[in-house]
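Each chain, written out:
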Amino acid sequence: MPLAQVYRRFGEVDAAGTSPLYERVAVALSESGEALRAIEKAPGRKRHPALILAALRDLALAGEAPALAEAYAAGDGEAAARAAIDTLVQKTDTVAATAARRRVRSDETGRCAVLYPAIAEAAHRAGATAVGLIDVGCSAGFNLQVDRVGITYSNGLSLGDRSSPVQMSASIVREWAVPSRAVPEVVARLGVDLHPVDVTDADEARWLRACLPPDQPEGIARLEAEIALAATAPPVLLQGDALETLPEAFARVPDGALPVITTTWTLSQFPLESRLRFLHRLDEVAAHRAVAWVSVEGVGVAPAIPTFGDRRASGHSIIGLAVFAGPDVRVEAVGRCWSKGRLVAWLAEG
């Protein structure tokens with residue numbers, strides 16, 4: 001698809017209804033030959049509208065594109081479109097360099113509505129009174145704050161910390177209710193990622209902000225609360241390939257605590273061979289101590305996790321739970337979820 005068409009489609013389809021500012025800016029970029037030539041300075045796979053728009057907003061947040069920052073603050077789409085084109089033309093190399101080394105980061109804390117009951121269930125099945133959380137593909141590590149956020153479900157159930165500055169909600173659909181068990185004491189928070197984000201670093205935190213459209217005040221407020229919460233108990237971030245880094249992560253979980261590995265839409269980025277090696281890593285650890293794995297992945301993506309007979313690419317994900325204890329392995333699909341965890345169908349009996 002020609003680049004101009006990509007940007008027009010992003011504006012008229014992807015941004016439409018969620019970000020009027022980005023809708024107008026993306027369409028304007030699609031109509032500007034100068035802007036499109038500037039975007040083409042970025043590597044081929046780094047020209048996606050969401051990434052280029054984030055790179056532009058990063059400049060605005062850093063005070064290097066004042067006209068764009070002013071237009072965004074005023075919610076003026078026409079002024080923002082003009083300023084975005086001017087910024088792209090004037091700072092082409094900077095935008096291209098930012099896009100080349102960055103990737104768009106998404107809101108992750110919403111996943112806690114799925115992770116919390118699954119982690120609590122894993123601890124219950126293993127008889128654990130303390131857990132060490134290891135999030136593979138952690139990004140900024142928001143999943144690792146799962147016990148420190150408040151979660152309210154549509155049936156009135158409340159889990160986590162009701163006094164937390166980060167509160168979220170999720171709807172329950174069908175079958176059994178989400179179990180009300182509490183996550184036990186978390187004694188370690190470890191994130192594994194090729195490119196983890198340290199929220200205590202000003203530049204990294206600014207990039208997280210840049211990945212949100214400027215006309216989404218609720219999302220921005222939530223992100224600010226998430227960053228502040230994570231900064232009060234920052235996880236240990238281990239940079240590197242997950243298969244190579246997992247042994248170090250396991251070693252950092254104190255004896256007596258159950259290591260709980262979480263993967264949320266992460267394994268789809270791995271080739272099948274690497275997914276099987278990931279499973280083998282868990283088997284290796286289980287030879288010496290019990291370990292649990294909570295997976296939230298597309299249908300058929302997580303090896304060994306049942307799928308309820310669902311078809312691949314069905315539009316939902318499977319919540320999987322595996323507990324490894326020596327030669328004994330208990331693997332089960334405990335539910336389905338949609339919208340990155342904001343709709344949950346818990347299917348396991350308590």
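Predicted, not measured: the structure shown is a model, and the values here were computed from it.

A. Region of interest: the environment of alanine 290. Within the secondary structure layout, alanine 290 lies in the loop between helix 12 (272-286) and strand 8 (291-298). For alanine 290, a relative accessible area of 30% translates into the label partly exposed. For the pair alanine 290 and lysine 41, spaced 249 residues apart in sequence, the C-alpha separation works out to 50 Å.

B. Summary view of the pairing of strand 2 (residues 150-153). Sheet topology places strand 2 next to strand 3 (residues 158-160); three bridges connect them, and they run antiparallel. Bridged to isoleucine 151 within strand 3 is leucine 159. Hairpin connection of strand 2 to strand 3: four residues between the antiparallel strands, including glycine 156 at a positive phi of 95 degrees. Examined bridge by bridge, strand 2 and strand 4 (residues 167-172) share four bridges and lie parallel to one another. The partner of tyrosine 153 across the bridge, within strand 4, is alanine 170.

C. The packing of helix 4 (residues 49-61) against helix 6 (residues 77-90), seen in detail. The N-to-C vectors of helix 4 and helix 6 enclose an angle of 90 degrees; their axes lie 11 Å apart at closest approach. With respect to their mutual orientation, helix 4 and helix 6 come out roughly perpendicular. Residue-level contacts link Ile52, Leu56 and Leu59 of helix 4 to Ala84, Thr87 and Leu88 of helix 6. Partitioned by chemical class, the residues of the contact of helix 4 with helix 6 number five nonpolar, one polar and no charged.

D. The environment of arginine 277, seen in detail. For arginine 277, the position within the fold is in helix 12. Linking arginine 277 and leucine 29, residues 248 residues apart in sequence, is a C-alpha distance of 44 Å. Contact partners of arginine 277, with chain neighbours within four places excluded, come to Leu243 and Glu244.

E. Here's a closer look at unusual backbone geometry. Phi at alanine 304 is positive, roughly 80 degrees, even though this residue is not glycine. A residue is classified by how much of its surface remains accessible, and alanine 304, at 51% relative accessible area, is exposed.

F. Representation of the sheet that holds strand 3. Read from one edge of the open sheet, eleven strands run 3-2-4-11-10-9-8-7-1-5-6, paired in mixed fashion. For this open sheet the edge positions go to strand 3 and strand 6 (236-239), each flanked by a neighbour on one side alone. Each adjacent strand pair in this sheet contributes to an overall mean axis angle of 25 degrees, direction not counted.

G. Up close: the packing of aromatic side chains. Evaluated as defined, the whole model comprises two aromatic pairs. Considering the side-chain rings of tyrosine 22 and tyrosine 72, the 6.1 Å spacing of their centres and the 65 degrees angle between planes classify their relative orientation as edge-to-face. Note that tyrosine 22 is positioned in helix 2 (residues 20-30) and tyrosine 72 in helix 5 (residues 66-74), a separation of 50 residues in sequence. For the ring pair phenylalanine 278 and tryptophan 293, a centre distance of 5.2 Å and an interplane angle of 70 degrees mean the geometry is edge-to-face. Placement of the pair is phenylalanine 278 in helix 12 and tryptophan 293 in strand 8, with a sequence separation of 15 residues. Phenylalanine 278 sits in the buried class, given a relative accessible area of 0%. Over the face of the ring belonging to tryptophan 265 we find lysine 340, whose NZ or CZ atom lies 4.3 Å from the ring centre.

What counts, and at which threshold
Residues numbered from 1 in each chain as written. Predicted model: local features only at pLDDT ≥ 70, side-chain atom pairs only at ≥ 80, totals over all residues. Heavy atoms only, no water. Helix = DSSP H or I, 4+ residues; strand = E, 2+ residues; numbered from the N terminus. Buried < 20%, exposed > 50% of the residue type's maximum accessible area, 1.4 Å probe, protein only. Pairing = 2+ DSSP bridges. Axes fitted to C-alpha atoms, helices over the stretch in contact; angles between N-to-C directions. Parallel < 35°, antiparallel > 145°, perpendicular 65-115°, else oblique. Contact = heavy atoms within 4.5 Å. Nonpolar A, V, L, I, M, F, W, Y, C, P; charged D, E, K, R; others polar. Phe/Tyr/Trp six-rings, centres within 6.5 Å; stacked < 30°, edge-to-face > 60°. Lys NZ or Arg CZ within 6 Å of the ring centre and 35° of its normal.

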